[in-house]
Amino acid sequence: MPSWSRSRATGRGTSAWTGGEPLAQPNCLKLLEQLCDAGYEVSLETSGALDVSGVDGRVSKVVDLKTPGSGEVGRNLYANLDHLTPNDQVKFVICSREDYDWAVSKLIEYRLEQRAGEVLFSPSHGQVVPRELAEWIVADNLPVRFQLQLHKILWNDEPGH
């Protein structure tokens, strides 16, 4: 079941939709549109396996590209990359050096730094040492942002957190 959060710390409402796969839920697209119409800043985190073409253009998308080490690489819907904007992010969770090399090849092949506002590389918790991934990124001078999966570090992926 997708989850959402809302904050008014900035004086503007924000709504982040994540968890499970929000796009698999009935009326998700309509809800995202209604939240935008109501003045919320809306973000959607998606696995990248379902079509994002119908997502309201005001919604900031975080689209995963699953790496071979995830066991889900076959689920990637590469057509989603055509619907990225500078307001969006593409995220890779890196499980090994082979995954890193694969992600770099996709970064180059699809010119992701030109399509999305940010490209995120995250080490898979317990599989890649964060410092190693950071060193690979720096050595290759990649136009990506290093990101840690804080929920895994803080709560060890405990349900409910």
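Remember, predicted model here, so these are calculated numbers, not experimental data.

**Student:** Quick one: what's the story with the environment of Val-55, residue by residue and with numbers?
**Tutor:** Counting through the fold element by element, Val-55 comes out in the loop between β3 (41–46) and β4 (60–64). The exposure class assigned to Val-55 is buried, which follows from its relative accessible area of 8%. Sequence separation between Val-55 and Tyr-40 is 15 residues, and the spatial gap between their C-alpha atoms is 15 Å.

**Student:** I'd like to hear about helix α4 (residues 130–140), residue by residue, with values.
**Tutor:** Each α-helix turn comprises 3.6 residues. Residues three or four places apart therefore point the same way. Buried residues of α4: Leu-133, Trp-136 and Ile-137, and no others. Viewed along the axis of α4, the buried residues span an arc of 95°, placing them on a single side of the element. Exposed and facing more than 90 degrees away from the buried side of α4 are Arg-131, Val-138 and Ala-139. Considering only its buried residues, α4 is in contact with β5 (89–94), α2 (97–109), β6 (118–123) and β7 (145–146).

**Student:** Give me the lowdown on the packing of aromatic side chains, citing residues and values where you can.
**Tutor:** If you walk through the whole model with that rule in mind, you get 5 aromatic pairs. Each ring, one from Phe-92 and one from Trp-102, has its centre 6.2 Å from the other, and the planes form 75°; the classification is edge-to-face. Pair noted here: Phe-92 is in strand β5 and Trp-102 is in helix α2, with a separation of 10 residues, a long-range link. Trp-102 matches Phe-92 in its accessibility class, with the two residues each being buried. Arranged with centres 6.0 Å apart and planes meeting at 85°, the rings of Tyr-100 and Phe-121 form a pair that is edge-to-face.

About the cut-offs
- Residues numbered from 1 in each chain as written.
- Predicted model: local features only at pLDDT ≥ 70, side-chain atom pairs only at ≥ 80, totals over all residues.
- Heavy atoms only, no water.
- Helix = DSSP H or I, 4+ residues; strand = E, 2+ residues; numbered from the N terminus.
- Buried < 20%, exposed > 50% of the residue type's maximum accessible area, 1.4 Å probe, protein only.
- Arc of directions from axis to C-beta.
- Contact = heavy atoms within 4.5 Å.
- Phe/Tyr/Trp six-rings, centres within 6.5 Å; stacked < 30°, edge-to-face > 60°.

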